[in-house]
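Per-entry structural report
Residue strings, one per chain:
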Amino acid sequence: ETGVTQTPRHLVMGMTNKKSLKCEQHLGHNAMYWYKQSAKKPLELMFVYNFKEQTENNSVPSRFSPECPNSSHLFLHLHTLQPEDSALYLCASSQDFTPATNEKLFFGSGTQLSVL
Amino acid sequence: QKEVEQNSGPLSVPEGAIASLNCTYSDRGSQSFFWYRQYSGKSPELIMFIYSNGDKEDGRFTAQLNKASQYVSLLIRDSQPSDSATYLCAVNVAYSGGGADGLTFGKGTHLIIQP
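Predicted model only: the values in this text are computed from it and were never measured.

Let us now look at the overall build of chain A. Assigned secondary structure in chain A consists of zero helices and eleven strands. When its helices and strands are written in sequence order, chain A yields β-β-β-β-β-β-β-β-β-β-β. For chain A, the spread of C-alpha atoms along the principal axes amounts to about 40 × 30 × 30 Å. Counting all 116 residues of chain A, 48% fall into the buried class. In the structure as shown, chain A presents an accessible area of about 5300 Å², 51% of it carried by carbon and sulfur atoms. Taking the average location of the 10 positive side-chain charges in chain A and that of its 10 negative ones, the two points are 8 Å from each other.

Below is the structure:
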């Protein structure tokens with residue numbers, strides 16, 4: 001248990017569905033992240049929030065919409081996804097988003113997403 | 001374009017031997033280097049980090065960094081079957097403004113320790 005909880009663990013959705021992924025961290029961290037992990041590809045950073053403010057958006061399609069209501073909670077809203085979006089979506093947190101500390105990431109267990 | 005390269009493996013090592021995992025990176029401005037371990041079906045967990053040239057030891061793990069060659073490695077001594085996992089190399093660049101754009105990960109090396 002890393003102190004970062006993600007739900008659901010598995011999700012199957014059609015291309016017209018709307019769903020949300022939830023992440024909660026109990027570590028008192030100020031930065032939260034969404035990563036995408038696809039087979040045979042490196043972990044891809046999607047979004048970063050530091051003190052509830054979005055600081056990074058790595059050219060992610062608008063069908064992925066993040067929300068960070070407070071430093072402990074992070075959501076990823078999904079809408080009209082494509083089959084190629086099927087992947088493991090990992091939430092992570094760190095103390096904050098500075099060079100000295102942002103690399104020590106604590107990951108949640110991930111949501112395995114399948115888009116049909 | 002920042003790149004981090006790792007041999008995907010699988011790398012097969014007999015139990016009790018030294019496992020050597022290698023990683024190269026493209027950005028000479030890289031400042032900090034990390035190794036994450038990911039068991040099958042689980043999330044990555046940080047096991048080592050190194051900032052300065054040379055070796056850093058923590059238990060059975062040693063991280064080695066050579067910035068001139070843009071090379072970082074992880075040695076696992078007395079390898080155990082429980083060390084079987086995918087090992088992810090990650091690199092970060094610290095920009096002068098004090099910000100950072102997050103880690104760049106390699107694809108990972110799949111390590112198998114044979115009993």
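On to the pairing of strand 9 (residues 87-94) of chain A. All names here are of chain A. Most of strand 9 sits inside the fold, with eight of its eight residues counted as buried. One ladder, built from seven bridges, connects strand 4 (residues 31-37) with strand 9; its direction is antiparallel. Bridge pairing links alanine 31 to serine 94 in strand 9. Sheet analysis places strand 9 next to strand 11 (residues 111-115), joined by three bridges and oriented antiparallel. Counterpart to leucine 88 in the pairing with strand 11 is glutamine 112. Pairing geometry for strand 9 and strand 10 (residues 106-107), over two bridges, is antiparallel. Bridge pairing in strand 10 places alanine 92 opposite phenylalanine 107.

What follows deals with the sheet that holds strand 8 (residues 73-79) of chain A. Residues and elements named next belong to chain A. Taking strand neighbours across the sheet as the criterion, the four strands line up as 1-3-8-7 in an open arrangement whose pairing is antiparallel. Sheet topology places strand 1 (4-7) and strand 7 (64-70) at the edges, where each strand pairs with a single neighbour. Neighbour to neighbour, the strand axes of the sheet diverge by 15° on average, direction disregarded. The pairing of strand 3 (residues 18-25) with strand 8 spans seven bridges and is classified as antiparallel.

Membership of the largest hydrophobic core comes to 23 residues, with the highest contact counts inside it found for B:Trp35, B:Val72, B:Leu74, B:Ile76 and B:Tyr87. Of all the elements in the fold, those that place two or more residues in this core are strand 3 (19-25), strand 4 (30-38), strand 5 (45-50), strand 7 (61-66), strand 8 (71-76), strand 9 (85-93) and strand 11 (109-114) of chain B. A:Leu11, A:Cys23, A:Tyr89 and A:Val115 belong to the second-largest nonpolar core, a separate cluster that totals 22 residues.

Turning our eyes to something else, we now look at the state of the cysteines. Residue and element names in this part refer to chain B. Per the stated rule, a full pass over the model turns up two disulfides over all chains. Through a disulfide, cysteine 23 is tied to cysteine 89; the S-S separation comes to 2.1 Å. Residues cysteine 23 and cysteine 89 share a disulfide whose torsion about the S-S bond is about -75°; that sign makes it left-handed. Of this pair, cysteine 23 sits in strand 3 while cysteine 89 sits in strand 9, and the two are 66 residues apart along the sequence.

Right, let's get into unusual backbone geometry. All names here are of chain A. The peptide bond linking threonine 7 to proline 8 adopts the cis configuration, its omega dihedral lying at -10°. You can see proline 8 is positioned in the loop between strand 1 and strand 2 (10-13). Here lysine 40, not a glycine, exhibits a phi torsion of approximately 65°, which is positive. Within the secondary structure, lysine 40 sits in the loop between strand 4 and strand 5 (44-50). The backbone of threonine 80 shows a phi angle near 50°, a positive value even though the residue is not glycine. Tracing the sequence through the fold places threonine 80 in the loop between strand 8 and strand 9. Given the relative accessible area of 33%, threonine 80 is considered partly exposed.

With that settled, consider the packing of aromatic side chains. Residue and element names in this part refer to chain B. Applying the stated criterion across every chain yields a total of eleven aromatic pairs over all chains. With a centroid separation of 5.6 Å and 55° between ring planes, the pair formed by tyrosine 36 and phenylalanine 105 is classed as tilted. Placement of tyrosine 36 in strand 4 and of phenylalanine 105 in strand 10 (residues 104-105) is noted, with a sequence separation of 69 residues between them. Accessibility classification places tyrosine 36 together with phenylalanine 105 in one group, the buried group.

What counts, and where the lines are drawn
The residue numbers shown here count from 1 along each chain, following its written sequence. Lettering of chains starts at A and numbering of ligands starts at 1, both following the order in which they are written. Reporting of local features is limited, given that this is a predicted model, to residues whose pLDDT is at least 70; pairs of side-chain atoms are given and counted only at 80 or more, and all residues count toward the totals for whole chains, interfaces and linings. For the side-chain quantities, the full set of heavy atoms in the structure was used; hydrogens and water were omitted. Per the convention used, a helix needs a DSSP run of H or I reaching at least four residues, while a strand needs a run of E reaching at least two, with both numbered from the N terminus. For every residue, the accessible area obtained with a 1.4 Å probe (protein chains only) is divided by the maximum for its type, and the residue is called buried under 20%, exposed over 50%, and partly exposed between those limits. Calculation of accessible area relied on Shrake-Rupley with a 1.4 Å probe; when residues are assessed, cover is drawn exclusively from the protein chains displayed. Under the convention used here, Asp and Glu are negative, Lys and Arg are positive, and both His and the chain ends fall outside the count. A charged residue contributes its charge at one atom only: NZ of Lys, CZ of Arg, CG of Asp or CD of Glu. Two strands qualify as a pair provided DSSP detects at least 2 bridges between them. Fitting a line to C-alpha atoms yields each axis, with helices limited to the stretch in contact; the angle taken between N-to-C directions then spans 0 to 180 degrees. What is meant by a nonpolar core is a set of buried Ala, Val, Leu, Ile, Met, Phe, Trp, Tyr and Cys residues, joined one to another through side-chain atoms within 4.5 Å. Any two cysteine sulfur atoms lying within 2.5 Å of each other are counted as a disulfide. For this analysis, a ring pair means two rings from Phe, Tyr or Trp (six-membered ring only for Trp) whose centres lie within 6.5 Å, classed as stacked if their planes differ by under 30 degrees, edge-to-face if by over 60, and tilted for the remaining angles.

Honestly, it's all geometry; don't read function into it.
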